Amino acid sequence: MFLNAKIMNFRIFTIFVLCCVRTIFGARSFAVDYENNTFLKEGKPFRYVSGSMHYFRVPPEFWHDRMYKMKMAGLNAIQTYVEWNHHEPEPGVYNFEGNYDLVKFVKTAQDLDMLVILRTGPFIDAERDMGGLPYWLLRIDPNMKMRFYDPNFIKHIDQWYSVLLPKIEPLLYNNGGPIISIQIENEYAFCGCDQYKAHLRDLFNKLLKKNVVLFTTDQPFPNNLACGKTYDVLATTDFGAGANVTLNFGRLRYTQADGPLVNSEYYPGFLDHWGHPHSTKTTENVVKTLNEMLMANVSVNFYMFHGGTSFGFTAGSNILDTFQACATSYDFDAPLTEAGDPTPKYYAIRDAIGKFLPLPPGPVPQPAPKMKSPTITLKKVISIWDYIGKLNNSVVSTYPLSFEKLYHPFGFVLYKATVQFRPTDPAVLTVKNIADRGYVYVNKVLQGVLSREQKVESIPVQVLKGQEIEILVENQGRVCAGAINDQKGIFQNVTLGSKVLQNWTMIPIPLDPKSIQKIESSTEETDSVSAPSFYTGEFQVPSSVKILDTFLKVDGWHKGVAFLNQFNLGRYWPIVGPQLTLYAPSILFQNSSTVNRITLLELENSPCNNENNCIVQFVDTPIVDGPTPEY
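Procedures and definitions
- Residues numbered from 1 in each chain as written.
- Predicted model: local features only at pLDDT ≥ 70, side-chain atom pairs only at ≥ 80, totals over all residues.
- Heavy atoms only, no water.
- UniProt positions renumbered as here; feature names shortened; annotations may be inferred.
- Buried < 20%, exposed > 50% of the residue type's maximum accessible area, 1.4 Å probe, protein only.
- Helix = DSSP H or I, 4+ residues; strand = E, 2+ residues; numbered from the N terminus.
- Pairing = 2+ DSSP bridges.
- Contact = heavy atoms within 4.5 Å.
- Polar contact = N/O pair within 3.5 Å; in protein donor to acceptor, adjacent residues only side chain to side chain.
- Axes fitted to C-alpha atoms, helices over the stretch in contact; angles between N-to-C directions.
- Parallel < 35°, antiparallel > 145°, perpendicular 65-115°, else oblique.
- Left-handed = near helix turned anticlockwise from the far one by under 90°.
- Nonpolar A, V, L, I, M, F, W, Y, C, P; charged D, E, K, R; others polar.
- Disulfide = S-S within 2.5 Å.
- 1 Å grid on protein atoms, 1.4 Å probe; cavity = no way out; pocket = protein on both sides within 12 Å on 5 of 7 lines; lining within 4 Å.
- Points joined across faces, edges and corners; volume = space filled by probe spheres on them.
- Domains from an automatic or database assignment.

- An unreviewed UniProt entry lists the protein under the name Beta-galactosidase, with Araneus ventricosus as the source organism.
- Under the UniProt heading Sequence similarities (unreviewed entry), the note attached to the protein is "Belongs to the glycosyl hydrolase 35 family."
- As recorded by UniProt, the Catalytic activity (unreviewed entry) comment attached to the protein reads in full: "Hydrolysis of terminal non-reducing beta-D-galactose residues in beta-D-galactosides."

What follows is the structure, encoded as structure tokens:
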């Protein structure tokens, strides 16, 4: 009897707790009021002014700082893409740690009382490699119809979302979290019209129990909006400073007759490509267009409010008039710089928002001081040829294989073949559709450069029967929008004159932290080749110097990749600009009692024929608007 009473009391207590929880969370609601053209938050009209910041472009240690600055600008929400390719680097291998700890990122926003808007793709563009889709899809099927209702594609996205969405569900606003809305796909109308979007809608509704607002985003052209629209999903648009606000939202209204008006990507700046001038938008135009939207009761998201950095090999590329690789910096001329500092644009935007929404109390953020170092002398530790000679990962094939077939997602692969016939002098070497840049060597002597960007597919070479032709191929980033089935490397027949070269050896070149550490510790004598080679230098940060963010300047160097304490800072290419410095976050440096190391893989030409010029330096001012070639 006593036991039964205890059980009864426990059941009553449990029901009481559940009722309390339901009461608390039942009061939380975020929905669309189509009749009154507004969002409803807790049943009251609501509009957001948010900013994009990508967790994968900002060190986790800085998430809180950047979000706080965004909040102090008057924003009430954070928007981010979710990048599939680094969450699932190989099929069934998942990564939600470090820079990819999405749950921590969302909870950081919640700690600051900021709402969150997720753009979950699977395609995101974002100037990221393959638009955020995993490279291994191309290994499974190079012709896979990605972003369409292709069963071979659908099964992989269904599996991915069966992992991702259960992590997101507890963080939905209606479940007590900060996520108010989720975008399916991204500017889909560029692909055409397909039932694929409806499949995504149904999948999300099923896994998230119809408990969150779903939306789409498309550019403000009638065909784009009509094709991007998905039934029972809120349609939004995107455009930048200086656009015709009335015209663009009038077009949206033609497709989305009712509901709140949203600009999901309001551009206060724009992206950069190597070899092309730095993109900017004037503060005056940004504020003018913003005012027009806020006066029309539009919800606005700044893309980007803080751009951050495409560290390592994560930047993508575009096909415009020609192939164009995206720069390492994603500064975007945004209100917060690549290093997270407020700009004049930030303060002007804050003043504009303050006329429509209450600004949070507290001091307005100011730019942070930066660190500067003396010059650091580098020395060559090993040529890429000697490094390759130590590897034991070569693959042999009659015809060349792509990076994807070699299970090598990023970076570099060496392709080599022996000439089995007597060629002409010179003979024309042709590599159709090189992806993306190939350095051609005969007996380790550079013959020329193949370039997808410059449409250079053939060069004359002087080679004899029995000699090796070696092609060091650089993946400059997979296309991030449009024709995204972008295999890398060499995947078509290579001809010398009229004959096809056969019997290829391919060597993927690992550049992960452990590999860089081995390179840096190399003590063996190396050849006299100045490039491509690895150069390294040691330095200490004096105890009297506070470790701060800084920027690596590589004057005199041509093209390559930089590593700070084995962390890949990204690609550098100062001879074409516009980016002349690489952002180096303070968290990468060691304290005064520990030696720091900077390492470059220089591909083309080092300045080290004069020891006094074999240097780099950390500077306190970034340069992302340097000179570019004259076309």
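## Remarks on the pairing of strand 18 (residues 427-431)
Then step 1. Where burial is concerned, most of strand 18 is hidden: four out of the five residues are buried.
Then step 2. Two elements, strand 18 and strand 21 (residues 458-461), share four bridges in a ladder whose sense is antiparallel. Residue L429 lies in a different strand from strand 21, and its bridge partner there is I459.
Then step 3. Pairing geometry for strand 18 and strand 23 (residues 494-496), over three bridges, is antiparallel. Bridge pairing links T430 to T495 in strand 23.

## Focus: the UniProt feature "active site" (unreviewed entry) in the protein
Then step 1. Residues annotated in UniProt with the feature "active site" (unreviewed entry) correspond here to E187 and E265. Taken along the chain, the residues just named run across 79 residues; in space they keep tight, none of their C-alpha pairs more than 10.6 Å apart.
Then step 2. With respect to the helices, strands and loops of the structure, E187 is situated in the loop between strand 7 (179-183) and helix 7 (196-207).
Then step 3. For E187, a relative accessible area of 9% translates into the label buried.
Then step 4. Turning to its location among the elements, E265 is positioned in strand 10 (residues 262-267).
Then step 5. Overall, E265 belongs to the buried group, its relative accessible area being 5%.
Then step 6. Not counting residues within four places of it along the chain, the set of residues in contact with E265 comprises Y81, R119, N186, E187, T237, D238, F239, N301 and Y303.
Then step 7. Within polar-contact distance, the side chain of E265 engages the side chain of Y81 at 2.9 Å.

## Quick notes on the packing of helix 10 (residues 283-295) against helix 11 (residues 344-353)
Then step 1. Interhelical geometry of helix 10 versus helix 11 gives an angle of 20° and a closest axis separation of 10 Å. Relative to helix 11, helix 10 is oriented roughly parallel. As for how helix 10 packs across helix 11, the hand of that crossing is right-handed. Contacts between helix 10 and helix 11 involve T283, V286, V287, L290, N291 and L294 from the first element and P344, K345, A348, I349, A352 and I353 from the second.
Then step 2. Residues that form the contact of helix 10 with helix 11 fall into these classes: nine nonpolar, two polar and one charged.

## A closer look at the state of the cysteines
Then step 1. For the structure on display, the rule yields two disulfides.
Then step 2. Note on cysteine connectivity: C193 is disulfide-linked to C227, with sulfurs 1.8 Å apart. Placement of the pair is C193 in the loop between strand 7 and helix 7 and C227 in helix 8 (residues 222-228), with a sequence separation of 34 residues.
Then step 3. By relative accessible area, which is 60% here, C193 ends up exposed.
Then step 4. One disulfide in the model links C608 with C614; its S-S distance is 1.9 Å. Looking along the S-S bond of the C608-C614 disulfide, the torsion reads about 70°, which is the right-handed sense.
Then step 5. Once the disulfide-bonded cysteines of the protein are ranked by sequence position, their pairing pattern turns out to be 1-2, 3-4.
Then step 6. The structure places no disulfide on C326, whose sulfur is separated from the nearest cysteine sulfur, that of C480, by 4.8 Å.
Then step 7. Relative accessible area serves as the criterion here: at 0%, C480 is assigned to the buried category.

## Details of empty space enclosed by the protein
Then step 1. Applying the stated criterion across every chain, the model contains four cavities of 30 Å³ or more.
Then step 2. Of the voids in this model, the largest cavity is the one considered here, and its volume is about 40 Å³.
Then step 3. If you go around the largest cavity, the residues you meet are W274, A325, C326, E474, Q476, K559, R571 and W573.
Then step 4. Each residue belonging to the lining of the largest cavity can be placed in one class, and the counts come to four nonpolar, one polar and three charged.
Then step 5. A domain split of the lining of the largest cavity shows at least three residues from each of domain 1 (32-355) and domain 2 (374-382 + 512-619).

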